[in-house]
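Coordinates in review
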Amino acid sequence: MSQKQENLIVVLDVGSAFTRVLAGDLNEGALRYRAHAVVESAGMRKGLIAELGPAARAVKAASDQAERQVRVNIDECLVGVGGPNVIGVNTTAGLNFGTRMREISKDDVTIAVERARGVSLPPDREILHLLTRQFVLDEQPGIHDPVGMVGSRLEVDLHMSTCSGSAQQSVVTCANRAGLEVTDTVFEALAAAEATLTADERELGVCVLDIGAHSTELVVFFEGAVAHTGSIPFGGQHFTNDLAVVLQMPVAQAEQLKLRYGHCVVTAVPQLDEVEIRSSQPHGETRMIRHRSVAEILEPRARELFDMVRRSLRDGGVLGALGAGVVLTGGGAVLPGLLDVTESILHVRARIGQPVQLSRMPPELTHPAYTTLVGMLLYAHRKRVTRTAENNSLRAKLRAIFAASL
Ligand SMILES: Nc1ncnc2c1ncn2[C@@H]1O[C@H](COP(=O)(O)OP(=O)(O)OP(=O)(O)O)[C@@H](O)[C@H]1O
Ligand SMILES: [Mg+2]
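The paragraphs below set out a description of the structure included in this document. All chains use their own residue numbering, which begins from 1 and follows the written sequence. Written order decides the labels, with chains lettered from A and ligands numbered from 1. Selection of residues for local features in this predicted model requires a pLDDT of at least 70, selection of side-chain atom pairs for listing and counting requires 80 or more, and totals for whole chains, interfaces and linings are taken over all residues.

1. Some thoughts on the site of ligand 1
Definition in use: Nearness here has a simple definition: the residue's C-beta atom, placed using the backbone, must lie within 6 Å of the molecule or strand. Classes in brief: Ala, Val, Leu, Ile, Met, Phe, Trp, Tyr, Cys and Pro nonpolar; Asp, Glu, Lys and Arg charged; the others, Gly included, polar.
Around ligand 1 sit 24 residues, and of these G15, A17, G212, G236 and G331 come closest. Here the residues of the shell around ligand 1 are counted per class, giving 7 nonpolar, 15 polar and 2 charged.

Structure (C-alpha cells):
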C-alpha cells in the first residue's frame, strides 16, 4: 500500500444496518469517485453504537476494502452523526449600537452569534452544527452577510443542531479503533440534503427525510437556510419487525417479504392477489397469504411515521414552510406507497431523493440508500475548499502586512 494521497477524501457512515465508506478525489477541479465499501453493521442498537468492538470491526472491514481499491493508505475520514438523539434548537440574539447608525464589523457579527449560541443546553448535549438562518438589520430581515452594512441594531437568528455528546464520541472512538482519525463530523440528514436538493427547493422550503433502518433524521430548509433539524426513533426495521410479529416469521424472512412484496397503501394492492412465503428452513413448508395483508400491516406503520414527522415539523414551526415539499431518502424511502402516505399526511408534494452523480460513480450508488454517503463526500469537499480559500486569504493578508512593514 502506498503512502497517503493528499487530495483523497474519505467519508464513513456507521448506519444501524450498514457501515459504508466512500472515497473520492479532486481531478481537474471536479470531485471524482474512487472507491466504496459496504458491510453489515454490528454492535448497533436502536440506531446507536451499543458495542464498540463489533462496530469498529465493521468499520475496519469497510475501510480495508476501500483501501484495497484506492491502493493508498486510508487513515482519516469525515464521519456522519445521526441516530434518534439529534435535536434542533432555534435561538435569536441582538446588539444595539445606540441612536447613531454605524457600519457593521466582523466583530459585531461574532458577538451577536456568540450571544445567540449562549443558550444553556441540557447536559451531554453537543452542538453539531451552528447555522446562521438570517441577520436582521434594524427592520430589514433576510440578510446573509451584514458586514459593511449600516444600522443601529443587529439581530441574528441561529439554528443549532445538537446531539448526544456520548453518542457522537462513540462514533469517533469506533473510527479511531479501526485506525481512522476523524477530521470532521456532519449530521447525516444535512449531508443527504447536500447530495439531493436544488437551490430552488432550499429557497421555497423543503424537508429532507433520511429513513434508515432504526431512525429517521430530518432537516428543513427555508429561504436558503436550515430552519429545523430533528430525528425520529423509527425506521425501516420497524416495518420489518411488525411483519415478523404479525405473520409469525423470522425477522430475516420478514425483511425478504418486505423487499419483495412490501407496499404501504392497502388499496393499491389488488384484492385477490396472493403471495408465497417460503420457509427459510431447508424442508420447511411454503404458505400463501393475501398480498393485501402485507400492506394492511405496513400502512398503519407508515402513517404513524409520518404523524411523528408532522409533529416534529409543527414543533419546529416549519409545517407551513414546505413550498417545495418533502424529499424521502435513505434505504427505507423506497418502500412502495410511501410517497402517497407522505402526501396524504403532510399535504405537500413528495419525491424520492437520489444522490447526484459524481464522475465515475458506479450506477448502484445512485440508490437513495447512498444519498447520505455521497452527500458526506460533497460536504467534506466543500469544507476543504472553504478552508483552503480562508488559508489563502489569510496568507495574502499576512503577505500584504509584511510588504507594508518593509
Ligand atoms: N426496496 C426496499 N423496500 C423497503 N425497504 C427497503 C428497501 N431497501 C432497503 N430498505 C430498508 O432500508 C433500511 C436500511 O436503510 P439504510 O441503509 O439507509 O440504513 P442505515 O443507514 O444503515 O440505518 P440508519 O440510518 O438508521 O442508521 C432497512 O430497514 C431496509 O429494510
Ligand atoms: Mg443511515
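2. Section: the pairing of strand β14 (residues 206-211)
Rules: Residues with at least 20 other C-beta atoms within 10 Å of their own are called buried, those with 12 or fewer are called exposed, and the rest are partly exposed. The C-beta atoms themselves are positioned from the backbone. Only DSSP runs of H or I reaching four residues or more are called helices, and only runs of E reaching two or more are called strands; each is numbered from the N terminus. Strands are labelled as partners when DSSP assigns at least two bridges between them.
Counting buried residues along β14, 6 of its 6 residues qualify, which places the element largely inside the surrounding structure. Going residue by residue along β14, you find V206, V208 and D210 tucked away on one face and C207, L209 and I211 tucked away on the opposite face as well. Taking the residues that link successive antiparallel strands as the turn, the β14-strand β15 (residues 216-222) hairpin has 4 residues. By the bridge criterion, 4 bridges tie β14 to strand β19 (residues 326-329) in an arrangement that is parallel. When the sheet's bridge partners are listed, C207 is paired in β19 with V326.

3. Concerning the sheet that holds strand β9 (residues 125-137)
Sheets are built from strands that pair by backbone hydrogen bonding, the pairs being arranged parallel or antiparallel. We count it as follows: In this analysis, axes come from line fits to C-alpha atoms, helices being fitted only over the stretch in contact, and the angle between any two N-to-C directions falls in the range 0 to 180 degrees.
With antiparallel pairing, 4 strands are arranged side by side in an open sheet as β7-β12-β9-β10. At either margin of the open sheet sits one strand with a lone partner, and together these are β7 (87-96) and β10 (140-143). Here the average twist between neighbouring strands, direction ignored, is 30 degrees. Strand direction decides the pairing type here: β9 and strand β12 (residues 153-164), joined by 11 bridges, are antiparallel. Pairing of V136 across the sheet is with E155, part of β12.

4. Here's the deal with the nonpolar core
We apply this condition: By definition, a nonpolar core groups buried Ala, Val, Leu, Ile, Met, Phe, Trp, Tyr and Cys residues that connect through C-beta atoms lying within 7 Å of each other. In this description, any two residues whose backbone-derived C-beta atoms lie within 7 Å of each other are considered to be in contact.
Counting residues in hydrophobic clusters, the biggest one holds 98 residues, and the most contacted among them are V11, V59, V208 and V220. Of all the elements, helix α8 (residues 291-315) adds the most residues to this core, at 9 residues. When near neighbours in sequence (up to four residues on either side) are disregarded, V208 contacts A189, A192, A193, T196, L197, L218, V219, V327, T329 and G353. With 8 residues, the next largest nonpolar core counts I104, A112, V156 and L158 among its residues.

5. So, the pairing of strand β1 (residues 8-14)
Of all the 7 residues making up β1, 6 are buried; the element is thus mostly covered by neighbouring parts of the structure. Between β1 and the antiparallel strand that follows it, strand β2 (residues 18-27), lie 3 residues.

6. Section: α8
To keep it simple, the criterion reads: Under the convention used throughout, the expected extent of a helix is 1.5 Å for every residue step, that is, one less than its residue count.
Given a rise of 1.5 Å per residue, 25 residues ought to cover 36 Å, and the 37 Å separating the end C-alpha atoms of α8 matches this to within 8%. Turning to α8, its buried residues are R292, V294, A295, I297, L298, E299, A302, L305, F306, V309, S312 and L313. Directly beyond the C-terminal end of α8, a positive phi value near 70 degrees is found at G317.

The analysis is restricted to geometry; functional conclusions fall outside its scope.
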